[in-house]
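Report on the structure
So the chains spell out like this:
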Amino acid sequence: MSKEADVVIVGTGVAGLFCALNLPEHYKIIMITKKQPEDSDSFLAQGGISVLKDQNDYETYFEDTLRAGRYKNNKESVEVLIRSSRSIIEDLVGLGVNFEREGTDFSYTREGAHSINRILYYKDVTGKEITEKLLEQVKKKSNITILPFVTMIDILEKDNTCTGVVLKDGDTIYNIASGAVVWATGGIGGLFEHSTNMKHLTGDAIAIAIKHNVKLLDMNYVQIHPTTLYTKGEGRSFLISESVRGEGAILLNKEGQRFVDELLPRDVVSTAIFEQMKKDDRDYVYLSLRHIPKDKIQERFPNIYEKCLEEGYDLATDLLPVTPAQHYFMGGVQINIDGETSMKNLFAVGETSCNGVHGANRLASNSLLEALVFSKRAANVIDENLKSMGLQNIGTTVNNNQYNTEQLEKEYHKLVWDELNKGSVEYGRLCKHEG
Ligand SMILES: Cc1cc2nc3c(=O)[nH]c(=O)nc-3n(C[C@H](O)[C@H](O)[C@H](O)COP(=O)(O)OP(=O)(O)OC[C@H]3O[C@@H](n4cnc5c(N)ncnc54)[C@H](O)[C@@H]3O)c2cc1C
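Basis of the calculations
- Residues numbered from 1 in each chain as written.
- Predicted model: local features only at pLDDT ≥ 70, side-chain atom pairs only at ≥ 80, totals over all residues.
- Helix = DSSP H or I, 4+ residues; strand = E, 2+ residues; numbered from the N terminus.
- Rg over C-alpha atoms; globule rule 2.2 N^0.38 Å.
- Buried ≥ 20, exposed ≤ 12 C-beta atoms within 10 Å, placed from the backbone.
- Contact = placed C-beta atoms within 7 Å.
- Domains from an automatic or database assignment.
- Nonpolar A, V, L, I, M, F, W, Y, C, P; charged D, E, K, R; others polar.
- Pairing = 2+ DSSP bridges.
- Axes fitted to C-alpha atoms, helices over the stretch in contact; angles between N-to-C directions.
- Near = placed C-beta within 6 Å.
- Parallel < 35°, antiparallel > 145°, perpendicular 65-115°, else oblique.
- Arc of directions from axis to C-beta.

1. Concerning the overall build of the protein
Helix and strand content of the protein: 11 helices and 18 strands. Taken over the C-alpha trace, the protein has a radius of gyration of 21 Å; the compact-globule value for 435 residues is 22 Å, and the two agree within 12%. Projecting the C-alpha coordinates of the protein onto the three principal axes gives extents of approximately 65 × 50 × 40 Å. Counting over 435 residues, the protein shows a buried share of 51%. In the protein, the proportion of contacts linking residues at least 24 apart, taken out of those at least 6 apart, comes to 74%.

2. Some words on the domain arrangement of the protein
Partitioning the protein into domains gives domain 1 (2–221 + 330–430) and domain 2 (226–325). Contacts between the two partners involve 22 residues from domain 1 and, on the opposite side, 22 residues from domain 2. The residue inventory of the side of domain 1 that touches domain 2, partitioned by class, reads 8 nonpolar, 9 polar and 5 charged.

3. What about the pairing of strand β14 (residues 285–288)?
The alternating pattern of β14 places V285 and L287 on a buried face, while none of Y286 and S288, on the opposite face, is buried. Looking at chain direction, strand β13 (residues 250–252) and β14 are connected through 3 bridges and run antiparallel. Opposite I250, over in β14, you have S288 as the bridge partner.

4. Description of the sheet that holds strand β18 (residues 353–354)
The pairing of strands in a sheet comes from backbone hydrogen bonds and takes either a parallel or an antiparallel form. Spatial strand order, β11-β16-β18: 3 strands in an open sheet with mixed pairing. Edge positions in the sheet fall to β11 (216–217) and β18, since each has one partner strand and no second. In the sheet, β11 pairs with strand β16 (residues 332–334) via 2 bridges, with the strands oriented antiparallel. The partner of L217 across the bridge, within β16, is G332. Its contacts with the sheet place helix α5 (residues 204–211) against β11 and β16, and it is angled at close to 45° to β16.

5. Overview of the site of the ligand
Residues in contact with the ligand amount to 44 residues; listed here are only the nearest, G11, G13, G47, G186 and G350. Mapped onto the shell around the ligand, the elements with two or more residues apiece are α1 (14–21), α4 (126–140), β8 (151–158) and α10 (367–389). Its residues placed into classes, the shell around the ligand shows 14 nonpolar, 24 polar and 6 charged.

6. So, the packing of α5 against helix α11 (residues 405–422)
Two elements in contact, α5 and α11, have axes separated by 8 Å at closest approach and are oriented at 80°. Classified by the interaxial angle, the pair formed by α5 and α11 is roughly perpendicular. Along its contact with α5, which presents D204, I206, A207 and I210, the element α11 presents Y412, L415, V416 and E419. When its residues are assigned to classes, the contact of α5 with α11 shows 6 nonpolar, no polar and 2 charged.

7. A short note on the pairing of strand β7 (residues 144–147)
Here β7 shows a clear split, with I144 and I146 buried on one side and none of T145 and L147 buried on the other. Relative to β7, strand β2 (residues 29–32) is paired through 4 bridges, and the arrangement is parallel. The residue of β7 that forms the bridge with I29 is I144.

8. Regarding helix α2 (residues 58–68)
Among the residues making up α2, those that are buried are Y61, D64, T65 and A68. The buried residues of α2 occupy an angular sector of 95° when the element is viewed end-on, so they sit on one face. Contact partners of the buried residues in α2: α3 (75–94). Downstream of α2 by a residue or two, R70 has a phi angle that is positive, lying close to 55°.

Now the structure itself:
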């Protein structure tokens, strides 16, 4: 079986969906996702989305992003991110996305390493609000087809030009030839023992990039989130958003004493927690909201409050045990500010890509924004390219019998893991490979 499309987008998180919505409607677009379209990290984002508050905020926002990124950021990418932020928010509002408001103006919150309140949010489910609305719009488009429970296992390539994808649907392997391929496959948390990410996000595009010599960047920049709910159970670590600390929650050791400024950059707070855990000889420290009125906690963080209650903790009265976990991948498939990779007609957007915008450590709430800004730019370039290419398909084929799908997953995990380990990945004990 083989199919054709003008554009294949792998991934239905914010990056993939926004790219699809920004492509002209005369293109035939096929979107692929490993699970249901709703099963993406984008749906999990709690805290919010950063935005340039006003023109006076530019220098401060730029400096906050660079300071969090330990000045390893690509400044051009940061400039594009910040300068595009307000128009992206206008796009989202135009597509029906709600943000909290005070009167007619937006309401802004704050997270670690931001100098001012510049984060837009919707309750504590901002990612769901944005992604659900984008998905609703995509489903209305007759030129876009979503194929759920289909996995990209390779790309079609000829002379460093990408000509399509190889897919696995149950036991069937087939190809889609296309004028452009967009990787929007998210992060790598599924490779880690403790991660806030969905388990099926295992950096497949990065493995395929390695296989085809597509350039990667900043592969040793893995972000550890300081505060996830500590449990002995298996499965995804539940995130306690940084905005909880932004709204006043404090970290305590086993003696009930504060040991760190809770709003320092994530890597600094994580390191302080690891050190405290060692001193306390425990696998967690405490997060306390006991000084915050219960109605405020319930109103501001309804989802987090309920989840903690299910686990036996009332945030208004109990100390919450928290521990760091893998959360975000700053590195990935190298792109420029237009989402172009080192392979012709192959684009990468969102968490799977890297143009150095986050440097060594992402500033809180910059990733939804990054996914939206650069996927829109990629869509514009894809349109230009397809117009000039005249949509010819090179029509490369591969022998689908070559794929031993049972082995492939393990091989891909190992490829990514080995690449991560070439650098100095921090907090080694979290980085236990599952495969
Ligand atoms: C718990 C949590 C809270 C967060 N909170 C915030 C926040 O408040 N603000 C913020 O800015 N960021 C936040 N982030 C980060 C942010 O949500 C992600 O970086 C962003 O949503 C990534 O979007 P994406 O489109 O790149 O990838 P995702 O949304 O992860 O989507 C990846 C898609 O790729 C598909 N896929 C992967 N591999 C394959 C394959 N081989 N074949 C087919 N399909 C494949 C998946 O099925 C999925 O559809 C949070 C992340 C988590 C986990």
